[in-house]
Amino acid sequence: MRERSGFRTRGTARRPAGEDSSPATKAGDHMSTVTWAERHAEALRLQDQGAPLAARRVGWAAVEAAGSERERAESSLVVAWVSHRLGDVETSRELVGAARGVVPVVAACVEGVIACAEERFAEAVGALELALSGVLPVRWRANALVASGVAAGALGQYARAERATEQAAELYASLGEHGRAATCLHNLGHLAAQAGDHPLALARYAASGVDERRWPEVLLDQAASHLALGHTAPADAALARAHTLLAASGRAPAYADSLLARARYAQATGDPEATRRAATRALDHATPATKAQAEALIRASHTRPRPAPGTTTLFDDNGTLTAITPTATTNLGPTQAITEAARALHHAATLAIHRPATPTQAATRLFQLLKLPHRTTLIPTHHLADVPWGLLPGDITIAPNPEALDKAQAAPVPTKPHRLWIAGPNLRHATAEATRLHREHGGTLLVNPTVAEALTAIEHATHLHLAAHGTHHPVPAIHLADGPLHPYHLAKLTTTPAFVTLAACEVGNPFGFPRAFLDKTTRTVIGTPLPIRDRLLSTPKPGRHGFAAIGLPLS
């Protein structure tokens, strides 16, 4: 390939102040005998092995040792990619621009990899196709295939993405770079996460064997899938491990992005304290763009909501629980004391399921502490999500957040009902109950369906009655013939039934299945957070066994 005369690294494209140009291993006088090719190969190796600070240092040494414009351009592109990973976008762009006329194929590869990192996926695919159609050094070809897989996956082209990722793994294995081959296997997990299959993603992450000390970004992917499944504890643990590793390797911006994802999840589940905590930590590592997002989340966590008419919003104001209606704001008392009263009700209600008693005293006490109007739509805090609201006096409807309530109100009212009755496996009364309801009301009956069969039928129904085993802790799940149905499965559907009854244990927690249904086109969900016995699940309705309406009140 023809070299262009006059190549140079201009303006800001300079080695950071105080950064030694010698490789990470100090060799003294031996450095004078190290060739450009050796330094260049070492910079690429360090970059591939997840040591960007050392890779940049050796990369600049390779630039200085270059004997031709082509050599300078090739090493400058290594520095460009590493600089971008370390957040120095300006230097990265200048180096790529300077090298484009000298080594256009490698420059296209680096441009595609950077476009992928910046989530400009369509541009990335075009640049990487151009690079892969030319002659690339084997390491750059492997990097291009990895980025091509990531970009194709983000665009929903999963078969193409898996092919590119598997080819990259084979190239790295042929080089003896088994650690990098493992990151490709990890990327196959990320593709599963993009397709919405987070259990498969976590299984692939675990099987990949990636050394998280070299590639701490893998912890961020793990945290994202855990959050998608509602696993806050393992997500927080992964983020805690990522904190030290990313900061030490100079990749703090990636950590800030993950903390923002954690803050947004906390905000969606009504936990302003966790929102504030995660967003504040993100500020310490954020880029200008993510800093603005973090500051907005912090402001929102301090902002008291403005309830719509007929609603009551509970808000934790620095340890004091506050009830906010359109006409008044009432301090209810210490959040901890009210949370303990809510737990006492849940415990009493669970015991009452197994004996002829009702937890009237505990329900009345909580109702009095909350000072609720006789009829209201209540948006609880995250800590009160497991309250069996149907046991409280009055007519109380629940909503996970104001956005879900707005979507429920905007959802269409079906004009031609199509009822769906689903009975899950290993629940003695479920089949008989679903069969009876189907005989009385018509529609479609599914007994022991698979997850895929249930989802297909749910998307075309206007009314759903689902009787099956359910759990909310540690993961929201409704058990069907071939495994669990999770809330994230519903995100794939275009529409969901307007009216949903979940005759299953525990899945009436508003931040699990109800929120997933209300995020689509559902108006009302009936459910309970209690572990209900099989024989008590027939004909569930608000007021019985903790069942409550979530979304819009029943007419």
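Structure shown above.
This brings us to the overall build of the protein chain. Within the protein chain one finds 22 helices and 14 strands. For the protein chain, the C-alpha atoms occupy an extent of roughly 90 × 50 × 40 Å along the three principal directions. Per-residue burial over the protein chain gives 53% buried out of 555 residues. In the structure as shown, the protein chain presents an accessible area of about 24000 Å², 54% of it carried by carbon and sulfur atoms.

Turning to its location among the elements, N509 is positioned in the loop between β12 (499–503) and α22 (513–518). Overall, N509 belongs to the buried group, its relative accessible area being 3%. A distance of 2.7 Å separates a polar atom in the side chain of N509 from a polar atom in the side chain of D386. Excluding anything up to four places from it in sequence, N509 contacts A385, D386, H472, P514 and P529.

Here the focus is the pattern of salt bridges. Considering all chains together, one arrives at 18 salt bridges under this definition. A salt bridge links R120 to E118; the nearest nitrogen and oxygen atoms lie 2.7 Å apart. Of the charged contacts, one joins E162 and R204 as a salt bridge, the two residues approaching to 3.5 Å between their closest N and O atoms. With E162 in helix α8 (residues 158–174) and R204 in helix α10 (residues 198–208), this pair connects stretches of sequence that are 42 residues apart. Residues joined by salt bridges that share partners form a network here, namely R93, E118, R120 and E123.

The rules we used
- Residues numbered from 1 in each chain as written.
- Predicted model: local features only at pLDDT ≥ 70, side-chain atom pairs only at ≥ 80, totals over all residues.
- Heavy atoms only, no water.
- Helix = DSSP H or I, 4+ residues; strand = E, 2+ residues; numbered from the N terminus.
- Buried < 20%, exposed > 50% of the residue type's maximum accessible area, 1.4 Å probe, protein only.
- Areas by Shrake-Rupley, 256 points an atom, 1.4 Å probe, with all protein chains shown as cover.
- Polar contact = N/O pair within 3.5 Å; in protein donor to acceptor, adjacent residues only side chain to side chain.
- Contact = heavy atoms within 4.5 Å.
- Salt bridge = Lys/Arg side-chain N within 4 Å of Asp/Glu carboxyl O.

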